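# Remarks on the overall topology
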Amino acid sequence: MSEYPRKAIIIGAGPVGCLAAMSLAKMGWSVDIYEARPDMRLPSSQAAAQQRSINLAISSRGIAAMQAIDPAAAARFLDSVIPMRGRMIHDPNGNLDSQLYDRDGQCINSVDRALLNEGLLNEALSVDAVSVFFRHKVMSINFDGRVINVVDVSTGEEYERNFHLCIGADGSYSVVRRQLMRVVRMDFQQEYIPHEYIELKIPAGRGSDDNPAFLLDPNHLHIWPRHSFMLIALPNKDKTFTCTLFAPTTEFEQISHGSKIIPWFKTRFPDAFGLIGQEALLDSFQRNPRSPLISIKANPYHYKDRAIILGDAAHSMVPFYGQGLNCGLEDVRVLTALLQEAGVDPTAAQDAGAFDLRLAGALSRYSETRHEDLVAINDLAMDNYVEMRHSVTTPTHKLRRVVDNLLFSLTSRTPVTLESLGALPAGVTFPSRTPRGWLPLYTMVTFRPDISYSTARRKAGEQSRVISNVGTLGSVALGIATVGMTWMALFYRTRSRS
């Protein structure tokens, strides 16, 4: 029996799942979203989410992905963000050092995770072809039979649903990924780093007019780097800051007792301690859970013309490059471009058991072309933890930033921004395959959605080798000059004696 239009089932109603639903529905698919958790818009869900949510930093890649799917929705979303133009480094003595992200004033944007997710969910549900089922847990998936078995947690009822395409956007502990492993020879790597995080909060202060006011500059991402651990703070619309303390698990174990928390924190973050307050700090340590940091790599991401995994289900990464959300949203844009390029038509009637060569080709091409990018950003995120908690305070890091920005200014005089790029071409994943000029790695990763992660890492490696070679040549030249001057000094000294 033929079905029209074809059915796509998305597992996971997070930002990636919602954007994927919007994209597929606009292409003509009938979309059902299944989410094991309760409706995130309920007050009870919002209270639980506040205990273990790292604030999100969305940058050009994530915005470009939303613009590619729904420009109007992207514009509405940008009204709820707070731009951050750089890092504000807090040293142990309370001194501040502002390090701007971009010479042309481009910013990353702080956004509350719940607000973003609720906004994208509402945008998805505004499309007639999209339905969502909360508290529905996936029990098993028969990909060859195109049947999913789910249970309604509220009633205990278990039932089957047919589909043509299944998308797993169900996070780091993905059920869809585990089910895919039964039919796909998937390479899989999972790593828990020996660090954890806990969420804290800086409350709003009071301005001269007695209205709520920020206690820190809201247009910076604040970082207290302390070598083996760090504290960060991102601004919220209600004038508070969401803070996240990252530290080795062993460090947390040593201060788990209430009597040790205050002296440990006050010694290492004296200015932050004054802003958070002793009572609020103790309360956060007691109420908020310590959460692990996980890195996941997998390959391939698809099975025939039946299924694909996106977002954290495919590439969970540590949060230190601020690219987890951006990368997940970009997954949707890349998949959409490949489906368009392949000419996949979900409105064409197809028998339930038929094989769609175009859809299979698009999913296969996604796995083939996206894997290198996802490995690149996963590794870069891991490396950036060292930079954020330690390197940002070192003279070597500061000198490299100066050199990068100088060469960037000399070789790339025309600013390239999200606005100047405009909407990325439909059916094209990354237009700039061989970017010209000198480009800092952070600029390529954060502000250039036209450049893939793997291209950015490759170009940054080439630039690092240039600097290294110049440094080596400089050292050799200095050595030769020193030897020459020493020889001349000895020659003239000997001559004067004779």
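Worth saying up front: this structure is predicted, and the values here are computed from it rather than measured. (Residues numbered from 1 in each chain as written. Predicted model: local features only at pLDDT ≥ 70, side-chain atom pairs only at ≥ 80, totals over all residues. Heavy atoms only, no water.)

## Some remarks on the overall build of the protein
Definition in use: Strands are runs of DSSP state E lasting at least 2 residues, helices are runs of H or I lasting at least 4, and numbering of each runs from the N terminus. With C-alpha atoms as the basis for the radius of gyration, the globule rule is written as 2.2 Å multiplied by the number of residues raised to the power 0.38. Every residue pair with non-hydrogen atoms within 4.5 Å of one another is taken to be in contact. Accessibility throughout is a Shrake-Rupley quantity obtained with a 1.4 Å probe, and a residue counts as covered only by protein chains that appear here. Only four residue types enter the charge count, namely Lys and Arg as positive and Asp and Glu as negative; His and the chain termini do not. To locate a charge, take atom NZ for lysine, CZ for arginine, CG for aspartate or CD for glutamate.
In terms of regular secondary structure, the protein is built from 17 helices and 23 strands. Computed over the C-alpha atoms, the radius of gyration of the protein is 26 Å, within 12% of the 23 Å expected from 2.2 N^0.38 for a compact globule of 498 residues. By sequence separation, contacts in the protein at least 24 residues apart represent 73% of the contacts at least 6 residues apart. Here the protein has roughly 22,600 Å² of accessible surface; of this, 54% comes from carbon and sulfur atoms. If you average the places of the 52 positive and of the 51 negative side-chain charges in the protein, the two averages end up 8 Å apart.

## Remarks on the sheet that holds strand 2 (residues 7–11)
Just so we agree on the cut-off: When DSSP finds at least two bridges between two strands, those strands are taken to pair. Working convention: axes come from line fits to C-alpha atoms, limited for helices to the stretch in contact. Angles between N-to-C directions cover 0 to 180 degrees.
One open sheet accounts for six strands, arranged 9-3-2-13-22-21; its pairing is mixed. Single-partner strands in this sheet number two, and they are strand 9 (130–134) and strand 21 (302–303). Bridge count for strand 13 (residues 165–168) against strand 22 (residues 307–309) is three bridges, and the pairing is parallel. The partner of Gly168 across the bridge, within strand 22, is Ile309. Packing against the sheet, helix 1 (residues 15–27) makes contact with strand 2, strand 3 (30–35), strand 9 and strand 13, and its axis sits at approximately 170° to strand 2.

## Considering empty space enclosed by the protein
Stated precisely, the cut-off is as follows: Using only the protein atoms, space was sampled on a 1 Å grid; points where a 1.4 Å probe fits but cannot get out form cavities, open sets with protein on both sides within 12 Å along at least five of seven lines form pockets, and lining residues are those with an atom within 4 Å of a point. Grid points are joined across faces, edges and corners, and a volume is the space filled by probe spheres set on the points. Gly falls in the polar group here, along with every residue not listed as nonpolar (Ala, Val, Leu, Ile, Met, Phe, Trp, Tyr, Cys, Pro) or charged (Asp, Glu, Lys, Arg).
The full count for this structure, using the stated rule, is one cavity of 30 Å³ or more. Quantified by volume, the largest cavity comes out at close to 30 Å³. What lines the largest cavity is Ala20, Ser23, Leu24, Ile167, Val332, Leu335 and Thr336. A per-class count over the lining of the largest cavity returns five nonpolar, two polar and no charged.

## Topic: the pattern of salt bridges
Inclusion rule: Salt bridges are counted wherever a side-chain nitrogen of Lys or Arg sits within 4 Å of a carboxyl oxygen of Asp or Glu. Residue exposure (1.4 Å probe, protein chains only): buried if accessible area is under 20% of the type maximum, exposed if over 50%, otherwise partly exposed.
For the structure on display, the rule yields 26 salt bridges. A salt bridge links Glu123 to Arg76; the nearest nitrogen and oxygen atoms lie 2.8 Å apart. Here Arg76 lies in helix 4 (residues 71–78) and Glu123 lies in helix 5 (residues 113–125), a separation of 47 residues in the sequence. Residue classification places Glu123 among the buried positions, given a relative accessible area of 17%. Given the relative accessible area of 45%, Arg76 is considered partly exposed. With a closest N to O distance of 2.9 Å, Arg370 and Asp331 form a salt bridge. Here Arg370, found in helix 13 (residues 357–389), pairs with Asp331, found in helix 12 (residues 324–342); they are 39 residues apart in sequence, far enough to count as distant. In this pair, the class of Arg370 matches that of Asp331, namely buried. Because the salt bridges share partners, they merge into one network encompassing Arg61, Glu330, Asp331, Arg333, Arg370 and Asp373.

## Focus: the pairing of strand 7 (residues 96–100)
Note that strand 6 (residues 86–90) and strand 7 share five bridges and pair antiparallel. Considered in strand 7, the bridge of His90 is made with Leu96. Linkage of strand 6 to strand 7, two consecutive antiparallel strands, is achieved through a turn of five residues, within which Gly94 is found at a positive phi near 90°.

## A short note on the packing of helix 1 against helix 3 (residues 60–69)
Quick note on the threshold: Here the word oblique covers every angle except those under 35 degrees (roughly parallel), over 145 (roughly antiparallel) and from 65 to 115 (roughly perpendicular). Note: crossing handedness is left-handed where the near helix turns anticlockwise from the far helix by less than a right angle, and right-handed where it turns clockwise.
Packing of helix 1 against helix 3 brings their axes to within 9 Å, and their N-to-C directions diverge by 30°. With respect to their mutual orientation, helix 1 and helix 3 come out roughly parallel. When you trace helix 1 past helix 3, the crossing you get is left-handed. Of the residues in helix 3, those touching helix 1 at Leu19, Met22, Ser23 and Lys26 are Ala65, Met66 and Ile69. Residues that form the contact of helix 1 with helix 3 fall into these classes: five nonpolar, one polar and one charged.

## A closer look at the packing of aromatic side chains
Note the cut-off: Pairing of aromatic side chains here covers Phe, Tyr and the six-membered ring of Trp, requires ring centres within 6.5 Å, and sorts the geometry by plane angle: under 30 degrees stacked, over 60 edge-to-face, intermediate tilted.
The full count for this structure, using the stated rule, is 15 aromatic pairs. Geometrically, the ring pair formed by Phe214 and Phe241 is edge-to-face, given 5.5 Å between the ring centres and 65° between the ring planes. With Phe214 in the loop between strand 16 (212–213) and strand 17 (220–225) and Phe241 in strand 19 (residues 241–248), this pair connects stretches of sequence that are 27 residues apart. According to the relative accessible area criterion, Phe214 is partly exposed, its value standing at 23%. For the ring pair Tyr442 and Phe447, a centre distance of 6.1 Å and an interplane angle of 70° mean the geometry is edge-to-face. Owing to a relative accessible area of 0%, Phe447 belongs among the buried residues under this scheme.

## Re the state of the cysteines
The cut-off we apply is this: Throughout, a disulfide means two cysteine sulfur atoms within 2.5 Å of one another.
Applying the stated criterion across every chain, the model contains zero disulfides. Summary of cysteine pairing: Cys18 is not part of a disulfide, and the nearest cysteine sulfur, belonging to Cys166, is at 15 Å.

## Things to note about the nonpolar core
Threshold: Working definition of a nonpolar core: buried Ala, Val, Leu, Ile, Met, Phe, Trp, Tyr and Cys residues. They are joined through side-chain atoms within 4.5 Å.
Counting 114 residues, the largest nonpolar core has Val31, Ile58, Phe143, Leu180 and Phe320 as its most contacted members. Not counting residues within four places of it along the chain, the set of residues in contact with Phe320 comprises Ile193, Met230, Phe246, Leu293, Ala381, Asn384, Tyr385 and Met388. By size, the runner-up hydrophobic cluster in this structure holds 24 residues, among which are Leu231, Ile255, Phe265 and Ile276.

## Points about the side chain of Ser30
This is how it is decided: Any pair of nitrogen or oxygen atoms within 3.5 Å is treated as a polar contact; in protein, a donor-acceptor pairing is required on top of that, and neighbouring residues in sequence qualify only through side-chain atoms on both sides.
Mapped onto the fold, Ser30 is located in strand 3. A distance of 3.2 Å separates the side chain of Ser30 from the side chain of Lys7, its partner in a polar contact. Among all residues touching Ser30, those that are not within four sequence positions of it are Pro5, Arg6, Lys7, Ala8 and Ala129.

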